[in-house]
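Coordinate inspection notes
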Amino acid sequence: CRYRIYSSIMTKSYTPILVGVAQYTQPKHTTSPLDPLGLMAHVCRAALADAGGVKLKELIDTLYVVNLFQWTYRDAPGMLCNVLGISPERSYYTPIGGNTPQLLVHKAARDLASGRRRAVLLTGAEAIYSLRRSLKGDIVLDWTPSESPERIDGDDPPGVNHFEASYDLYLPSYVYPIFETAIRASYGRSPEQHREYMGRLWEHFSLIASKNSHAWSREKLSAQDIAEVTSDNRYIGYPYTKSMNANINVDQSAALILTTQETAQECGIDPSRWVYPLGGADFHDIWNFSQRPRLDNSPAIRNAAQVALDQAELTLNEIDVFDLYSCFPSAVEIARAEIGIAEDDPRELSVTGGLAFFGGAGNNYSMHAIASVVERIRHDRSLKAMVTANGWYITKHSIGIYGGTPPKTPWKDSDGSSIQRAISDEALPEPVEKADGSLCVEGYVVRHDRHGQPDNGTVIGRLTDGKRALAHIDAKPGTLLKMEEVELVGRTGEVRFDQGVMRNLVRFPEFS
């Protein structure tokens, strides 16, 4: 397999393919768990073995390491290169975002198609479960020391503005419930009806995870198990029970290797290992959720799905299986509606079992989804799959389409700048910092403590002049419990700015 130097001025187009995939779920009770660096090394070696090209390793000219959550390194890409014995021309450590793995596939496909790259390795990992075991004193870790990364390659803006942060709306478990209550109201379901609906939706994901050997939790849960509030399944951010939240408390890693069909042929890689990226697109919604005209939709997902399908020259009906990013039910509900998948559509919405059951390995979850899709297509080359990936709070979106046969037209860059401008131009002004008057609720969350008791609530809504405002609910825990039994969206409360807490407070007279 001779190394060719591709000139940047060459016009020939090459066909990008995935040739190596691997994923690993570390046993829960191992006494010497691997750290994230060790987990990444493990799956990278496995992905190289999976590709079956003996000399492919020496052709890797680009490495991407997905941003790590709780155990970072000064130079994760460089350290991984040393462990693996590779010398890529370029290596990158990415910004935060669950959309990252799918976004990287698109970047790699563009570079490979143009001849700028020869072989690209993608990887990521989390070992949060083992870290928490050590903090409890169950095990002693002998890991490479954690340090702040010396660089992040690319823009890494915060996911919230100061208005949202001032109301403690930065944890996803407290933001996504706001979307969920907005969705619930738009469908006209009662709180009880919607709770049962979410349970049924998540039951399907649990069933898929129960059959997945890589899943962190293989316990098959019923809709009632998921939706019923118990001491072990308490509310975290109402209306989500614990079982409806992404589970980041996992030890998981995954890796992908992309090259071109031409290089794979030269290296003697078995064509049965090849899977083709057929189309892809990346857009973001209005960056700050408090400035989005609606809380129950995503123009970015809608456009990304259509652009990806158009590039693949496929219709939605020709997609056989999906993996919709599933950190919380609202993420699936919004994606399904925007893509145009009917609620009674029999096609699978996940190939893994989702972040609540398969495991939410930080920013790297979708790499597991892509690896799973590749494995499915290798077994049935007629399959077409769509993977959606989401970063922050229904904010950053990357959607990819995969198949077992070459694309009808070569992979090419598309200019989506006009689409992105149209989405961003719909942004509302920043919320009113010091609100006074009537506030109509558009979405809300009630935070619960570790004992399952309501702690406080926050609403987002419109003032009588149409401007947005955020406010904490001025109510005691017992009143918050009563509010969870009714639909608060659409109700109007009296809002005022409180100098003592320096926040807006809203009170609902009917609950006084």
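For the structure, see preceding data.
Here is what the cut-offs are and how they apply
- Residues numbered from 1 in each chain as written.
- Predicted model: local features only at pLDDT ≥ 70, side-chain atom pairs only at ≥ 80, totals over all residues.
- Heavy atoms only, no water.
- Pairing = 2+ DSSP bridges.
- Helix = DSSP H or I, 4+ residues; strand = E, 2+ residues; numbered from the N terminus.
- Axes fitted to C-alpha atoms, helices over the stretch in contact; angles between N-to-C directions.
- Contact = heavy atoms within 4.5 Å.
- Expected span 1.5 Å × (residues − 1).
- Buried < 20%, exposed > 50% of the residue type's maximum accessible area, 1.4 Å probe, protein only.
- Phe/Tyr/Trp six-rings, centres within 6.5 Å; stacked < 30°, edge-to-face > 60°.
- Polar contact = N/O pair within 3.5 Å; in protein donor to acceptor, adjacent residues only side chain to side chain.
- Right-handed = clockwise from strand over helix to strand, strands pointing away.
- Salt bridge = Lys/Arg side-chain N within 4 Å of Asp/Glu carboxyl O.

Next up on the list: the sheet that holds strand E10 (residues 384–391). The mixed open sheet is built from 4 strands, whose spatial order is E8-E11-E10-E9. On the outer flanks of this sheet lie strand E8 (276–284) and strand E9 (321–323), each paired with one strand and no other. Each adjacent strand pair in this sheet contributes to an overall mean axis angle of 15°, direction not counted. By the bridge criterion, 8 bridges tie E10 to strand E11 (residues 396–403) in an arrangement that is antiparallel. Considered in E11, the bridge of Val-387 is made with Gly-400. Strands in contact with helix H13 (residues 365–379) are E9, E10 and E11; relative to E10, the strand with the most contacts, it is inclined by about 175°.

Here helix H6 (residues 172–187) is 16 residues long and its end C-alpha atoms lie 23 Å apart, about the 22 Å a rise of 1.5 Å per residue gives. Among the 16 residues that make up H6, 12 are buried, leaving the element largely enclosed by the rest of the structure.

So, about the sheet that holds strand E2 (residues 62–65). The mixed open sheet is built from 5 strands, whose spatial order is E1-E7-E4-E2-E3. A strand with exactly one partner marks an edge of an open sheet, and here the two such strands are strand E1 (16–25) and strand E3 (90–93). Neighbour-to-neighbour, the strand axes of the sheet open up by a mean angle of 10°, direction not taken into account. Against the sheet, helix H3 (residues 100–114) contacts E1, E2, strand E4 (120–127) and strand E7 (251–260), and its axis sits at roughly 20° relative to E7. This element, helix H4 (residues 128–135), spans E4 and E7 of the sheet and lies at about 30° to E4.

Before going further, it helps to examine the packing of aromatic side chains. The final tally for this structure, using the stated rule, is 14 aromatic pairs. Look at Tyr-235 and Tyr-238: their rings are 5.2 Å apart centre to centre, the planes differ by 80°, and that puts the pair in the edge-to-face class. Of the two residues, Tyr-235 and Tyr-238, neither departs from the other in class, the shared state being buried. Aromatic side chains Phe-289 and Tyr-393 sit 6.1 Å apart centroid to centroid with 65° between the ring planes, which places their arrangement in the edge-to-face category. A residue pair is termed long-range when its members are at least 10 positions apart, and Phe-289 in the loop between E8 and helix H10 (299–312) and Tyr-393 in the loop between E10 and E11 qualify at 104 residues.

Our next topic: the pairing of strand E14 (residues 468–473). With respect to burial, E14 is a largely interior element, 6 of its 6 residues being buried. Pairing geometry for strand E13 (residues 454–463) and E14, over 5 bridges, is antiparallel. Counted as the bridge partner of Ile-460 is Leu-470 from E14. Counting the residues in the hairpin turn of E13 and E14 gives 4 residues, including Gly-466, whose phi is positive at 90°. In this structure, E14 lies alongside strand E16 (residues 503–507), joined through 2 bridges in parallel fashion. Across the sheet, residue His-472 finds its bridge partner in E16, namely Leu-505.

On to the side chain of Arg-378, then. The residue Arg-378 is located in helix H13 in this model. You can call Arg-378 buried: its relative accessible area is 14%. Side chain to side chain, Arg-378 and Asp-50 meet in a polar contact 2.8 Å long. Once residues lying within four places of it in the same chain are set aside, the contact partners of Arg-378 are Val-19, Gly-20, Val-21, Asp-50, Ser-272, Arg-273 and Val-275.

Of the pairings in the sheet, the one linking E2 to E3 comprises 4 bridges and is parallel in character. Following the sheet pairing, Leu-63 is matched in E3 by Ser-91. Handedness of the crossover joining E2 and E3 through helix H2 (residues 76–84): right-handed.

Along the chain, His-379 falls in helix H13. Engagement of the side chain of His-379 in a polar contact is seen with the backbone oxygen of Glu-375, the distance being 2.8 Å.

So, about the pattern of salt bridges. Considering all chains together, one arrives at 22 salt bridges under this definition. Notably, a salt bridge pairs Asp-50 with Arg-273, separated by 2.6 Å at the nearest N-O pair. Taken as a pair, Asp-50 in helix H1 (residues 36–51) and Arg-273 in the loop between helix H9 (261–267) and E8 lie far apart in primary sequence, 223 residues in all. For Arg-273, a relative accessible area of 25% corresponds to the partly exposed category. With a closest N to O distance of 3.1 Å, Glu-266 and Arg-118 form a salt bridge. Taken together, the residues span a long stretch of sequence, with Glu-266 in helix H9 and Arg-118 in the loop between H3 and E4 at a distance of 148 residues. Residue class for Glu-266 comes out partly exposed when judged on its relative accessible area of 36%. Residue classification places Arg-118 among the buried positions, given a relative accessible area of 1%.

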